Amino acid sequence: MAKKESRSGGYEALRAAVKAGVPANLYIFYGEERYLLQTMAQRLKELLIPAGFEEFNYHRLTGKGLTVQELAETAEAMPMMAEHTLITVTDMDIFKLDEGQRTALIDLLSDFPPYCTLIFLYEQLTYKRDGKMKKLCAALNEYVQEVEFVQQERKDLLNWLKRRFAGHDIDQTAADHLLFTCGSLMRGLIPEIEKIAAYAKQERITIADIDAVAEPVLDARVFDMTNAVTARNYDRAAGVLAELLRMQMEPIAILAALGKELRRLYTARLALDGGKDRVWLKELWSMSSDYPAKLLLQAARNVDHDWCRQAVKRCQVLDRRMKSERNMDSEGELKLLLMELAGGR
């Protein structure tokens, strides 16, 4: 029978269990930090399955079309020349199973083979409980450890970046710029780190190295665009917008990011007017470091309160129009909005 496991603890509890060599039988792995999700699944595999016996004892199943009966048969298969078996099931939407399958799953969870570890991995599908399915939720509470893999704290990311830049060094300022430019998800950072490390000519990674080869995330590109507007560099702002459109970024997604950035800029202007510092701004927007708050305050010094208010209002009006009007030239309207912002500036 499966051990009863508490859902509390999450990632840290999982790390401790793996380190001690005593993992639970049943897990659900989900969350936006896919690199850590895959890393912990791999560590469980290395812990439980001896090298050379993967073919017999490690079972990777795809959730789409998988029945609980097939899953149960796999779980009940005895390990071969080993003590454990491991099953990973990728993207099985357990809350969309019919009633018969849900009942079978509950039965499996409540009487799960002690020699088997099962991990439900959510990589493409979003894992979200359906509270109306009370029996299934109760079974998950009683038998399954749910682990959400979230973006790591800045301190942990800085240490990780230093380890990943093998043969190079990176200080906190350059590291914060990298996180601002490329986002905080490890999976997305890895290829950028590799490009930057290959490009850098010196041991110390610089902001110039990052800007030369790194691929900015949407929020960083939109910050660059709004920053160009506030600096009266309309050509630069238009160039960023044109680049986003060439990348086939949806206009509504660009507008959403632009609206968020303008709201942040507005609060930065309010901070300046009210004598607040970047620590206040950092806490307001739950920023991981002072770096983006510092950049926002610098940009806000180039605009006044009225400009910020009108800019946010223009974005809201266009957002409603894009969502309600048919056959709108969304790209043209975005370009027009940028011209209005620059003109108002």
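The paragraphs below set out a description of the structure included in this document. (Residues numbered from 1 in each chain as written. Predicted model: local features only at pLDDT ≥ 70, side-chain atom pairs only at ≥ 80, totals over all residues. Heavy atoms only, no water.)

A full pass over the atoms with the stated rule returns 20 salt bridges. Two residues, arginine 15 and glutamate 12, come together in a salt bridge whose shortest N-O distance is 3.8 Å. Note that arginine 15 and glutamate 12 are positioned in helix α1 (residues 10–20) at a spacing of 3 residues, about one turn of the helix. Taking the relative accessible area as the measure of exposure, arginine 15 reaches 41% and is therefore partly exposed. On the basis of relative accessibility, which here comes to 49%, the residue glutamate 12 falls in the partly exposed class. A salt bridge links glutamate 192 to lysine 195; the shortest N-O distance between them is 3.1 Å. Taken as a pair, glutamate 192 and lysine 195 lie in helix α9 (residues 186–199) at a separation of 3 residues, close to a single helical turn. (Salt bridge = Lys/Arg side-chain N within 4 Å of Asp/Glu carboxyl O. Helix = DSSP H or I, 4+ residues; strand = E, 2+ residues; numbered from the N terminus. Buried < 20%, exposed > 50% of the residue type's maximum accessible area, 1.4 Å probe, protein only.)

Now for the nonpolar core. Counting 42 residues, the largest nonpolar core has Met225, Leu262, Leu265 and Trp307 as the members making the most contacts within it. Only α11 (218–230), α12 (234–246), α13 (251–273), α15 (290–300), α16 (305–324) and α17 (330–344) provide two or more residues apiece to this core. In terms of residue count, α13 provides more of this core than any other element does, 9 residues in total. Among all residues touching leucine 262, those that are not within four sequence positions of it are Thr226, Trp307, Ala311, Val312, Cys315 and Leu341. Among the nonpolar cores identified, the runner-up in size contains 40 residues, and Leu44, Leu86, Ile119 and Leu189 belong to it. (Core = buried A, V, L, I, M, F, W, Y, C linked by side-chain atoms within 4.5 Å. Contact = heavy atoms within 4.5 Å.)

Take the pairing of strand β1 (residues 26–30) next. Among the 5 residues that make up β1, 5 are buried, leaving the element largely enclosed by the rest of the structure. Every second residue of β1 is oriented toward a common face, with Leu26, Ile28 and Tyr30 on one face and Tyr27 and Phe29 on the other, all of them buried. Note: β1 against strand β4 (residues 116–121), 4 bridges, orientation parallel. Following the sheet pairing, leucine 26 is matched in β4 by leucine 118. (Pairing = 2+ DSSP bridges.)

The end-to-end C-alpha distance of helix α5 (residues 99–110) is 17 Å, a good match for the 16 Å that 12 residues give at a rise of 1.5 Å each. Packed against the buried residues of α5 are β1, α4 (68–76), β4 and α6 (134–143). One side-chain oxygen of the residue at the start of α5 lies 3.2 Å from the amide nitrogen of glycine 100, identifying that residue as aspartate 98. (Expected span 1.5 Å × (residues − 1). Polar contact = N/O pair within 3.5 Å; in protein donor to acceptor, adjacent residues only side chain to side chain.)

Another point: the packing of helix α8 (residues 172–182) against α15. The geometry of α8 relative to α15 is characterised by a closest axis approach of 9 Å and an angle of 75° between their N-to-C directions. Considered as vectors, α8 and α15 are oriented roughly perpendicular to each other. Taking contact as the criterion, the partners of Thr173, Asp176, His177 and Phe180 in α8 are, on α15, Tyr291, Pro292 and Leu295. Residue composition of the contact of α8 with α15, by class: 4 nonpolar, 2 polar and 1 charged. (Axes fitted to C-alpha atoms, helices over the stretch in contact; angles between N-to-C directions. Parallel < 35°, antiparallel > 145°, perpendicular 65-115°, else oblique. Nonpolar A, V, L, I, M, F, W, Y, C, P; charged D, E, K, R; others polar.)

A separate point is the sheet that holds β1. Strand order across the open sheet formed by 5 strands is β2-β3-β4-β1-β5, with parallel pairing between neighbours. Looking at which strands have only one partner, the edges of the open sheet turn out to be β2 (58–62) and β5 (145–148). Put simply, the sheet's adjacent strands are angled 20° from each other on average, direction ignored.

It is worth spelling out the environment of alanine 212 at this point. Tracing the backbone through its elements, the reader meets alanine 212 in helix α10 (residues 207–213). Through-space distance from the C-alpha of alanine 212 to that of proline 50 is 44 Å; in sequence the pair is 162 residues apart.

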